[in-house]
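# Results of the structural survey
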Amino acid sequence: MPFDPNDIMKDRITDIGPPKYDKFFPPVIKENYGKWKYHEILEPGVLVHVSETGAEVYTVRVGAARLLSVDLIREICDIADKHCGGYVRWTTRNNIEFMVDDKSKLQPLIDELKSRGNWFPIGGTGASVTNIVHTQGWIHCHTPAIDASGIVKAVMDELFDYFGSHKLPAQVRISLACCLNMCGAVHCSDIAILGVHRKPPFIEHERVQNVCEIPLVIAACPTAAIKPKKVGDYKSIEINEKRCMFCGNCYTMCPALPIADGDGDGIALWVGGKVSNSRTAPKFSKLAVHYIPNEPPRWPTTVQTIKKILEVYASDARRYERVGEWIDRIGWERFFEKTGLEFRHEHIDDYRLAMTTWRTTTQFKF
Amino acid sequence: MALKHKTPMLDELEKGPWPSFVTDIKRVAERKPMAEDLLGLLEMSYEHKEGHWKHGGIVGVFGYGGGVIGRYCDRPDLFPNVAHFHTMRVNQPASKFYTTEVLRKLCDIWEEKGSGLTNMHGSTGDIILLGTTTDQLEPIFYELTHDLGMDLGGSGSNMRTPSCCVGKARCEWSCIDTQDITYDITMRYQDELHRPMFPYKFKFKTSGCPNDCVAAIARADCSIIGTWRDKIRIDQEAVRAYVGGELVPNGGAHGTEKRALDIQKEVIDLCPTKCMEWDGKNLKIWDEDCTRCMHCINVMPRALRPGLDTGATILVGAKAPILEGAQLGSVVIPFIKMEPPYEEFHEFVEKMWDWWMEEGKNRERLGETIQRLGMKAFLEATELQPDPRMVNTPRYNPYIFYDPAEVPGGWSHDPKAYRERHHA
Amino acid sequence: MSQEAKEKILEYMKSQKKTKLYFNDLCKAVPDLKMREAKKIINQMVEEGTIKYWSSGSTTMYMLPGVDDVGKEEDSMK
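Residues numbered from 1 in each chain as written. Chains lettered and ligands numbered in written order. Predicted model: local features only at pLDDT ≥ 70, side-chain atom pairs only at ≥ 80, totals over all residues. Heavy atoms only, no water.

If you check an unreviewed UniProt entry, chain C appears there as Dissimilatory sulfite reductase D (DsrD) from Desulfacinum infernum DSM 9756.

Under the annotation held in an unreviewed UniProt entry, chain B carries the name Dissimilatory sulfite reductase alpha subunit and is attributed to Desulfacinum infernum DSM 9756.

Structural data, given as structure tokens:
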């Protein structure tokens, strides 16, 4: 029965949830579910998992933009049909994984992927820079300070060699969020790229009472910087600009408070976070660079600063040390010295619980 | 075919070795005006260094309070084909395995009724169908449910689409059945996923082991992380093979060439609890001191494996910075078996939600409600007993909120008797 | 019982200056009901079309039909 636009309730199905997880498993995955014994990375981007039953599954991991057209998905399907029995999967970090159940099928798959131009770079395993997780940016978000896809493309172009190799001390997770709301939760990444606004919103007094609920706007401000105010005949608001922390929540509630500004907005870089419990506890990323201007289309200052941080880390850290573990060992004073990044007022926390981050010992390095 | 809008800045992003989303969009733009105008709008954003989207309003298909994000372009005069450009979130199958059959059907729907552009996948885990008009929402929903057996994911003040790592499907370290747990939560709480009732968003994420490949501990209001209570399984012969250079350390993650593992330097010295010893022949682990960080297992995957008494640690309250600052998840259940039918877990979840709905302020994540009202209030509401595993250290301020029930006579004094002992 | 609750919720919404209300604002109209019961009733009202959802994407609110500012903006584009 096709859809009837005049009666949307006819044959309506709701609340069926997603397809059950095993519905789309390749046979080798279904048969060996819970039976895997060990794995090995045969070369960057190529893994083998071996089951208790002796079965093997070979995986080729390829990088992809998070933004994919139906054309590219169909191309992925063509490859999966030809080599992988019609199955494919994605990882949490936007990589695509093609799997085959026999070693003899591996090289033809790799050859096929390599024959298709730039579309399917193999890598993203082990001590590499794997794919960048990111948010929407100027493609689709309403509060972004920066683009997402374009910066990710520019950074990955520059760090491309690190995607397809294992030459870093440990894996380096780079993430990008296009504003402080961090819908991608990038705050525990080895290197985080964060879009920041630097000008408080301006107020379109004549629009506020028509398009905004003033009490909701006031309640939306995390620092209570917004108060009601009558401006001429208009019911409007005022903003205590000194208290603004540039989150954009008021703009989300009220489109008459634009916060974006091409010259004010830009990027802050954060380093040293991790989520894994391996060796040391998970930790937040900390501020490395307080502001870099938006430089479309290829953001050269951002790209080069990230590369600099990555290469200093690569040459100085010990094997297995994540960026944050390396900095913990050498100390922040050494981090700024070695990377040549400027340490400024903005690096010293002045928000809530700031004192927990101040140095309360005479132990430091000269 | 020449496209309608010139895009000199975006064209720069067609260069370089990484796959280009610009080249990809251009292929679709040749036949779809929506993608063509999206490129034009994005080029304008590159010139202005500002986004051009307005949010809001539309939330879903009829009866759902989430799953669709409404978007309107602020220059429909220049780019009329993206005047409306709404996103649909489609609930992904746990750990994102697909058949090409289902993907091709999805592409056909989106070719016909949307922009032809997607995200595989959004940050939360959903398949994102990027850009369509209001009149297409119901027809797309009809085809998703009827032809693909798929449903929308969460947005707004809902339970958000739960997600998990690859788990037992292709990982030897998974201590819990991450996919089954994710499927169970998703199906049991369909109403919470589709019809908002919470103060703000609520996320579940499930990782099979403490390596935490879905970053549950950083971003889920309720993180379920696999762990074990017994001993690490050791194959001593394989340990010797690593030391002897017969096996590649770290499963090849630090180079695929064979080399002798310096077990003292690379494993034992890096163990956070120093609970291991190597005598040249055998590896000894004092498991009672082990905190299951996974480092030794990561380095010697063929010699060491997690134990067999497996289950999960439950942490709550992780979130990104807005509003009160970022929080990591805090341990509230050190160990739970997490086996079907997951009754004990469901009871915990429902007690947690009842408390948060009652006590949480609007736009306050669970972690912030706990911060404001105290862990004690949360533990009492969920009927959990305090445990040293819940803290890094006991409190070091002396401001204890004593319970009057435990003080003789409660909080009332006997002023008369006091003044008989002490003259004013 | 549920009809009475629906009327109370509607009255409450009409008496408010704000056009968009959070879920727990609506619950204030029916303080005797548990939140899960209130939710069932509010869902029914959405299905019946007496109230409707509004969302910023991250937060969901409820409003009466016909007072949508986005609807206005949308119309102005036509």
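Additional details are given in the paragraphs that follow.
## Quick word on the sheet that holds strand β2 (residues 68-69) of chain B
Rules: Should DSSP find at least two bridges between two strands, the strands are regarded as paired. Every helix listed is a DSSP run of H or I at least four residues long, and every strand listed is a run of E at least two residues long, numbered separately from the N terminus.
If you walk across this open sheet you meet the five strands as β4(A)-β6(B)-β7(B)-β4(B)-β2(B), and the pairing is antiparallel. Both outer strands of the open sheet, β4 (67-69) of chain A together with β2 of chain B, are each paired with one neighbouring strand and no more. In terms of strand pairing, β2(B) meets strand β4 (residues 86-90) of chain B through two bridges, oriented antiparallel. Bridge pairing in β4(B) links V68(B) to M88(B).

## Section: the nonpolar core
Applicable threshold: Remark: nonpolar core denotes a set of buried residues (Ala, Val, Leu, Ile, Met, Phe, Trp, Tyr, Cys) joined through side-chain atoms within 4.5 Å. Only protein chains enter the calculation, and the probe is 1.4 Å; a residue is then buried if its accessible area is under 20% of its type maximum, exposed if over 50%, and partly exposed in between. In this analysis, two residues are considered to be in contact whenever any of their non-hydrogen atoms come within 4.5 Å of each other.
Core analysis: the largest hydrophobic core is formed by 71 residues, its most contacted members being I193(A) and F335(A). Looking at this core, the element that brings in the most residues is helix α3 (residues 33-48) of chain B, giving eight residues. Ignoring sequence-local partners within four residues, the contact set of I193(A) consists of I146(A), I151(A), V155(A), I174(A), S175(A), L176(A), A177(A), I267(A), A268(A), L269(A) and I306(A). The next biggest cluster of nonpolar side chains, apart from the first, holds 68 residues, and it includes I73(A), A94(B), L106(B) and L148(B).

## A word on the pattern of salt bridges
Between side chains of opposite charge, a pair can form as their charged atoms come close. How we decide: Counted as salt bridges are all cases of a side-chain nitrogen of Lys or Arg within 4 Å of a carboxyl oxygen of Asp or Glu.
Under the definition given, this model contains 61 salt bridges over all chains. Taking the shortest distance from any N to any O, the salt bridge between R334(A) and E337(A) comes out at 3.2 Å. Here E337(A) and R334(A) lie together in helix α11 (residues 332-339), a separation of three residues that amounts to about one turn. Judged by its relative accessible area of 53%, E337(A) is exposed. The residue E111(B) makes a salt bridge to R31(B) at a minimum N-O spacing of 2.6 Å. One end of the pair, E111(B), is in helix α4 (residues 100-113); the other, R31(B), is in the loop between α2 (21-29) and α3, with 80 residues separating them in the sequence. Exposure remark for R31(B): the relative accessible area of 38% places this residue in the partly exposed category. Here the residues in one salt-bridge network are E75(A), K82(A), E112(A), R116(A), D24(B) and R27(B), joined through shared partners.

## Describing the interface of chain B and chain C
For the record, the criterion: The quantity reported as buried area is the accessible area (1.4 Å probe) lost by two parts once they are put together, taken as the sum for both. When residues are sorted by character, Ala, Val, Leu, Ile, Met, Phe, Trp, Tyr, Cys and Pro go into the nonpolar class, Asp, Glu, Lys and Arg into the charged class, and all the rest, Gly among them, into the polar class.
Each side of the interface is counted separately: chain B has 35 residues, and chain C has 23 residues. A buried area of about 2500 Å², summed over both sides, lies between chain B and chain C, and 52% of it is on carbon and sulfur atoms. Counting across the interface, chain B meets chain C through three salt bridges. A salt bridge links E192(B) to R36(C); the nearest nitrogen and oxygen atoms lie 3.3 Å apart. Of all the elements in the fold, those that place two or more residues in the side of chain B that touches chain C are β1 (53-55), β3 (71-73), α7 (190-194) and α12 (343-359) of chain B. Counting residues per element, the side of chain B that touches chain C draws most heavily on α12(B), at five residues. When the residues that make up the side of chain B that touches chain C are grouped by side-chain class, the tally is 13 nonpolar, 13 polar and nine charged.

## Quick look at unusual backbone geometry
A cis geometry characterises the amide bond from P296(A) onward to P297(A), with omega recorded as 5°. With respect to the helices and strands, P297(A) occurs in the loop between β12 (286-293) and α9 (300-316). Omega for the peptide link from M120(B) to H121(B) comes to 5°, which places this bond in the cis form. Of note, H121(B) is situated in the loop between β6 (117-120) and β7 (127-132). Phi is positive for W299(A), which is not a glycine, with a value near 45°. In this structure, W299(A) sits in the loop between β12 and α9. Phi at Y342(B) takes a positive value of approximately 60°, unusual for a residue other than glycine.

## A look at helix α5 (residues 137-148) of chain B
All names here are of chain B. We count it as follows: By this rule, a helix spans an expected 1.5 Å times one less than how many residues it contains.
Here α5 contains twelve residues, and its C-alpha end-to-end distance of 16 Å stays within 8% of the 16 Å for a straight helix at 1.5 Å per residue. For α5, a buried count of ten out of twelve residues is recorded, marking the element as mostly surrounded by other parts of the structure. All of the buried residues in α5 are L137, E138, P139, I140, F141, Y142, E143, L144, T145 and L148. A positive phi of about 65° marks G149, the residue just after α5.

## Considering the packing of aromatic side chains
For clarity, the cut-off: Stacked, tilted and edge-to-face are the three classes assigned to paired rings of Phe, Tyr and Trp, where Trp is represented by its six-membered ring and a pair needs centres within 6.5 Å; plane angles under 30 degrees give stacked, over 60 edge-to-face, the rest tilted.
Tallying each qualifying case throughout the model produces 37 aromatic pairs over all chains. Judged by centre distance (5.5 Å) and plane angle (75°), the ring pair of W138(A) and Y46(B) falls under edge-to-face. Residue W138(A) is found in the loop between α3 (106-114) and α4 (149-158), and its partner Y46(B) is found in helix α3; the two belong to separate chains. Accessibility assignment for this pair places W138(A) and Y46(B) in one class, buried. When the centroid spacing of 6.2 Å and the interplanar angle of 40° are considered together, the rings of W332(A) and F336(A) count as tilted. Of this pair, W332(A) and F336(A) both sit in helix α11, four residues apart, which is roughly one turn of the helix. Residue classification places W332(A) among the partly exposed residues on the basis of a relative accessible area of 26%. Classification of F336(A) as buried rests on a relative accessible area of 9%.

## A few points about the interface of chain B and chain A
How we decide: N or O atoms within 3.5 Å of each other form a polar contact, as long as, within protein, one can give a hydrogen and the other can take it, and as long as residues adjacent in sequence are counted only when both atoms are side-chain atoms.
Every contact between the two is made by 128 residues of chain B and, on the other side, 124 residues of chain A. Summed over both sides, the interface of chain B with chain A buries roughly 11500 Å², with 59% coming from carbon and sulfur. Our count for the contact surface shared by chain B and chain A stands at twelve salt bridges. Measuring nitrogen to oxygen at the nearest pair gives 3.2 Å for the salt bridge that ties R27(B) to E75(A). Taken together, chain B and chain A are joined by 64 residue pairs in polar contact (both at pLDDT 80 or more). Among the elements that make up the side of chain B that touches chain A, the one with the highest residue count is α4(B) (eight residues). Counted by class, the side of chain B that touches chain A contains 59 nonpolar, 37 polar and 32 charged residues. Where β4(A) and β6(B) come together, three bridges link them in antiparallel fashion. Across the sheet, residue L67(A) finds its bridge partner in β6(B), namely N119(B).

## A closer look at the UniProt feature "domain: Nitrite/sulphite reductase 4Fe-4S" (unreviewed entry) in chain B
Heads up, the condition is: UniProt positions are given in the numbering used here, feature names are shortened, and annotations may be inferred rather than shown by experiment.
Feature annotation in UniProt places "domain: Nitrite/sulphite reductase 4Fe-4S" (unreviewed entry) on residues 155-383 of chain B, given in this structure's numbering. Regarding residues 155-383 of chain B, the helix share stands at 31% and the strand share at 16%, and the terminal C-alpha atoms are separated by 29 Å.

## Topic: the state of the cysteines
Where two cysteines share a covalent bond between their sulfur atoms, that bond is called a disulfide. Residues and elements named next belong to chain B. Note the following rule: We call a pair of cysteine sulfur atoms a disulfide whenever their separation is within 2.5 Å.
Counted by the stated rule, this structure contains one disulfide over all chains. Between C175, a cysteine without a disulfide, and C209, which holds the nearest cysteine sulfur, the sulfur-to-sulfur distance is 6.5 Å. On the basis of relative accessible area, C175 is assigned to the buried category, the value being 4%. No disulfide involves C213; its sulfur sits 6.2 Å from that of C165, the nearest cysteine. Since its relative accessible area comes to 55%, C213 is described here as exposed.

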